[in-house]
Amino acid sequence: PETTPGTTFMVTFTREVAGAGTVWEVVTLQGGEIRDRWQGQGFIQPPKLQVESAEFSQPLNAHPSSQWRPAVGQTAQALFELFAEAPISTGMVIAVSSRFYHVSTAVTVTAAGNAIPVTAQPLPELSGSAVSWGVAVQVGSDIPAATRFQVGVAAEPLSTGAGQDGWLLEVFSSVDDAVTTLMRDGVWSPACDEDFIHSVPLRTNDGQTPEFPVAETYSVEVTALSRRGDTVQVTLGGLENAPIIGDNVTQNNASGVVVEVVGSEAVVEVAAGAMTPGEFTIGNQSLQVTTVTPFLPPPLAAIDVSVVIHPNSTYPTSVQVVAPIGFRFREDDCLRPGTDTSAFVSCSASVVDSYSVATLVSVKGGAAVRNVGGDAIVPRAVLEVITAAMQPADGTWYARGLLADTVGWGKFPLGPGQGGSVAVVQMKDSMVRYSGLAGSSGLIAVTFELTGNYVGESGQVVVAPPAGYTLECDGFDPLELSGASCDSGPPFKIRFDAATTMRRGQYAFVASVVVPADEPAADDFFQIHVLKADGELVDAATQVGREVIRTDIQVQSSSLTFSSAQPGQVSTLTVSLEMGAATTSDMVQTVLITLPEGVLFEAGSSVDVNSPGASVASTDSKEDGTRLSVTTEADSALPQGWYSFTFSVRVPLRMPMFNVILVELLTGGGRPPSFENTDAQRQLTVVLPGFRLGSAPTSELQSKVSPLSLLQVFVLVCMLDVVGR
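A quick note: this is a predicted structure, and the numbers were derived from the prediction, not measured.

(A) Highlighting the overall build of the chain. Scanning the chain from terminus to terminus reveals 1 helix and 55 strands. Here the chain, with 725 residues, has 51% of them falling under the buried criterion. Counting only contacts in the chain whose residues sit at least 6 apart along the sequence, the fraction spanning at least 24 positions is 74%. Total accessible area on the chain stands at roughly 31100 Å², and carbon and sulfur atoms take up 50% of it.

Written out as structure tokens, the structure is:
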């Protein structure tokens, strides 16, 4: 019909699902009122892609967090399952973009299980933003029509709102085409321009990929706490070596009792609370404590762990805490005193993918993170956990909030020792030495050092050997220990009587060991556990190395004689060993004798060697007098028979705890003898207890090897110092 002046024609079009064309609409308006309307189907562009599915998940791994919703600030993978309706030729570009994600160039494209070569580059930054919001992926090979393929993109959500915004995937002829179409004046403005025949968007019903739920990021703090009976070490000021053992210690809400004082350091057994540097009251005196060495969790010990969670804006009805692999939460009720009971009412433990998980139930659903006024509070849970046998490679702790699904999660950043204050600390200077002759019975020396954890009276030391080994009390020698007795068990155990208090310091003893014919598994070690009288574990070492099992060296017996054991005097020692069969120089070239600490080779004296025919090239002593070596000629064999080494030492005023004389047979291989780092050269080691102060001179102290099989195998008795004490 006729139109009058002032009539307005408004023409609009709407793009529907890719491949379905456009819908045109013509509206006639007069005076602002609609007079006529017409709609019609427009042109149809050939589609390139269709979305079949899309997901946003953590990188695939065995950790439970891989099943949680991605959190703000955490990189995850956006994976798109696509269907190519038309061919995508080599050199064409798939643009993947979203305004609320930081998208990296870590992109994978696979079809039929095969990787497609790609070149990825970030799309230009948006105005006012310093993050990459998209990536242009140029394919290096053809993707035929009617092909299903996958595109994976590493991305990081910038806020929880990112999960409410879709993604756009489009195919372009080039990167320039992609930039021109997707951006206008630095703003993300996808164009609907029919001139770009390769710019057909990949769309679902809403024109974009589905939204990806994004979780809030939690801040998590995990700390090992001292429990009643644990000890902390404090450095005092102005009260060195004072007689304060047994005095009560108080500091704010913390309390304890002094159980030991050495110099300016006191060991305090904690009764309650946590102690920090500052002013202490010890007895009736006020002291300034400059340093507090915290409780160090040993392996396999029951400890309390404080978990503090900052939930930000979420209202979880329960919280899950995931410990590093190897740690175990208490199974029945893992909550301990100190828990914020206004936040959490119960705790239960379970195992997910080999990880121990503690599930904390919130008070009244969500009250754990909000008070009545709606202000955020920081809930704290104290959980009982059994530490791992050894520090895991990944010592990260995780916590997530649940409200039907994951609403937030975070992890505790690693600190020193790959676990912060919850890092598992092996007992110091733990070592076993013995002959590694297959199928034999001989002596084993065990030593370790307590560095602060207090055991008290009637303590116990349990030694758990690798599979196939047996420890026995035959040949038990407490060395310098007092009040110790042996129990073969199993388990093999050293008990201290009620009159003996285990304090800080080194411990050592000798017992018998039966060596198996074959090597145990590579990760099967000796373990040393120190227990209180009630069986509570105080300290432990679970990775104590073992000797290599050998069948190619034959040492039948060894002996020690000494002329004096009086303090401060010079004594003549003779160490002898019997080779059961000849040994070539490429197998054994050096005999290395290591003396107990304080027993020193007399300066200016020599080493007399008596052998059944071996050619001695040199004898030497370490500068500090702790080690002696005898080296044969490079091409000289060690014939069968007795070898003796006679030398002079100065007897100390006090014998060390590890009063053991050891001899090492070292391989040669053309290398000069060395007093350090001899582990790689050591072929065999056998233990011989040292002499005690005041003992009468002896003509012979002998150690023999008892073969337990038809193989003719023998034990060599050797001497080794504990390095690093």
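(B) How the structure looks around the nonpolar core. Counting residues in hydrophobic clusters, the biggest one holds 35 residues, and the most contacted among them are F329, L360, L383 and W397. The element best represented in this core is strand 25 (residues 302-310), accounting for 4 residues.

(C) Region of interest: the sheet that holds strand 32 (residues 405-412). Sheet architecture is open: 6 strands sit in the order 16-32-31-26-29-28, paired in mixed fashion. Where the open sheet ends on each side, the last strands, each with one partner, are strand 16 (216-217) and strand 28 (344-352). Alignment of strand 26 (residues 318-322) against strand 29 (residues 355-362), held across 5 bridges, turns out to be antiparallel. Directly across from V319, in strand 29, lies its bridge partner L360.

(D) Representation of the pattern of salt bridges within the structure. Here the structure, examined in full by the defined rule, presents 14 salt bridges. For E602, the salt bridge is made with R650, and the minimal N-O distance between the two is 2.9 Å. Of this pair, E602 sits in the loop between strand 47 (600-601) and strand 48 (608-610) while R650 is found in strand 51 (residues 641-650), placing the two residues 48 residues apart along the sequence. Because the salt bridges share partners, they merge into one network encompassing R433, E547, E664 and R682.

(E) Up close: the state of the cysteines. Summed over the entire model, instances satisfying the criterion amount to 2 disulfides. Put simply, C334 and C347 are joined by a disulfide, and their sulfur atoms are 1.7 Å apart. The chirality of the disulfide connecting C334 with C347 is left-handed, given an S-S dihedral of about -70°. In this pair, C334 is assigned in the loop between strand 27 (328-329) and strand 28 and C347 in strand 28, connecting sequence segments 13 residues apart. There is no split in this pair, since C334 and C347 are both buried. With a sulfur-sulfur separation of 2.0 Å, C473 is cross-linked through a disulfide to C486.

(F) Seen up close, the environment of A136. When you line up the elements, A136 lands in strand 10 (residues 134-139). Ignoring anything within four residues of it in the chain, the contact list for A136 reads V93, I94, T119, A120, Q121, L123 and V175.

(G) Quick peek at the sheet that holds strand 52 (residues 660-666). Spatially, the 5 strands line up as an open sheet ordered 49-50-46-52-53, and their pairing is antiparallel. Of all strands in the sheet, those bounded by a partner on one side alone are strand 49 (616-621) and strand 53 (682-689). Each strand axis lies, on average, 15° off the axis of its neighbour in the sheet, ignoring direction. Relative to strand 52, strand 46 (residues 590-594) runs antiparallel, the two being bridged by 4 bridges. Along strand 52, the bridge assignment pairs L592 with E664.

(H) Geometry of the packing of aromatic side chains. Enumeration over the complete set of coordinates arrives at 17 aromatic pairs. Geometrically, the ring pair formed by Y398 and W409 is tilted, given 6.3 Å between the ring centres and 40° between the ring planes. Placement of Y398 in strand 31 (residues 397-403) and of W409 in strand 32 is noted, with a sequence separation of 11 residues between them. The buried category is assigned to W409, whose relative accessible area is 2%.

(I) Local environment of the environment of I88. Structurally, I88 is set in the loop between strand 5 (76-84) and strand 6 (93-97). By relative accessible area, I88 is classed as buried at 0%. Spatially, the C-alpha atoms of I88 and T147 are 9.8 Å apart, while their sequence positions differ by 59 residues.

(J) Region of interest: the pairing of strand 19 (residues 248-251). Because side chains alternate across strand 19, one face comprises the buried residues V249 and Q251, and the other comprises N248 and T250, none of which is buried. Relative to strand 20 (residues 254-262), strand 19 runs antiparallel, the two being bridged by 4 bridges. Note on strand 20: the bridge partner recorded for T250 is S255. The turn linking strand 19 back onto strand 20 is made up of 2 residues, and N252 within it adopts a positive phi angle of 55°. Pairing of strand 19 with strand 22 (residues 278-282) involves 2 bridges; the strand directions are antiparallel. Of the residues in strand 22, the one forming a bridge with T250 is T281.

(K) Focus on unusual backbone geometry. Cis rather than trans, the peptide bond between G489 and P490 has omega equal to 5°. Along the chain, P490 turns up in the loop between strand 38 (484-487) and strand 39 (492-496). Cis rather than trans, the peptide bond between P490 and P491 has omega equal to 0°. Tracing the chain through its elements places P491 in the loop between strand 38 and strand 39. Even without a glycine there, the phi angle at A146 is positive, about 60°. Along the polypeptide, A146 turns up in the loop between strand 10 and strand 11 (147-157). Overall, A146 belongs to the exposed group, its relative accessible area being 54%. Despite not being glycine, L300 shows a phi value in the positive range, around 60°. Among the structural elements, L300 can be located in the loop between strand 24 (291-293) and strand 25.

(L) Region of the structure containing helix 1 (residues 175-182). Listing the buried residues of helix 1 in full gives V175, A178, T181 and L182. The arc that holds every buried residue of helix 1, seen down its axis, measures 135°, which confines them to one face.

(M) Here's a closer look at the side chain of H529. Inspection of the secondary structure assignment puts H529 in strand 42 (residues 526-531). Among the residues examined, H529 registers a relative accessible area of 15% and is labelled buried. Among the polar contacts made by the side chain of H529, one reaches the side chain of Q527 at a distance of 2.9 Å. Setting aside chain neighbours within four positions, we find H529 in contact with L300, Q460, V461, V462, L537, D539, A540 and T542.

(N) Spatial organisation of the side chain of S66. The residue S66 is located in the loop between strand 4 (49-57) and strand 5 in this model. A polar side-chain atom of S66 sits 2.7 Å from the main-chain carbonyl oxygen of H63.

(O) Fine view of the confidence of the model for the chain. A residue-level look at the chain finds 79% of positions with pLDDT of 70 or above and a mean pLDDT of 79. Considering each helix and strand of the chain separately, the mean pLDDT is smallest for strand 15 (residues 201-202), with a value of 38, and largest for strand 36 (residues 460-464), with 95. Low confidence marks residues 366-374, where pLDDT is under 50. Its contacts with residues over four positions away, or in another chain, come to 27 contacts. Ignoring residues within four places in sequence, the model shows residues 704-725, a span with pLDDT below 50, making 102 contacts including any to other chains.

(P) Main features of the pairing of strand 42. Among the 6 residues in strand 42, 5 count as buried, and that is most of the element. Note that strand 42 and strand 43 (residues 537-544) share 5 bridges and pair antiparallel. Its bridge partner lying in strand 43, L531 is registered against L537. The loop that links strand 42 with its antiparallel partner strand 43 comprises 5 residues; one of these, G535, has a positive phi angle of about 95°.

Parameters and conventions
Residues numbered from 1 in each chain as written. Predicted model: local features only at pLDDT ≥ 70, side-chain atom pairs only at ≥ 80, totals over all residues. Heavy atoms only, no water. Helix = DSSP H or I, 4+ residues; strand = E, 2+ residues; numbered from the N terminus. Buried < 20%, exposed > 50% of the residue type's maximum accessible area, 1.4 Å probe, protein only. Contact = heavy atoms within 4.5 Å. Areas by Shrake-Rupley, 256 points an atom, 1.4 Å probe, with all protein chains shown as cover. Core = buried A, V, L, I, M, F, W, Y, C linked by side-chain atoms within 4.5 Å. Pairing = 2+ DSSP bridges. Salt bridge = Lys/Arg side-chain N within 4 Å of Asp/Glu carboxyl O. Disulfide = S-S within 2.5 Å. Axes fitted to C-alpha atoms, helices over the stretch in contact; angles between N-to-C directions. Phe/Tyr/Trp six-rings, centres within 6.5 Å; stacked < 30°, edge-to-face > 60°. Arc of directions from axis to C-beta. Polar contact = N/O pair within 3.5 Å; in protein donor to acceptor, adjacent residues only side chain to side chain. pLDDT = per-residue confidence, 0-100.

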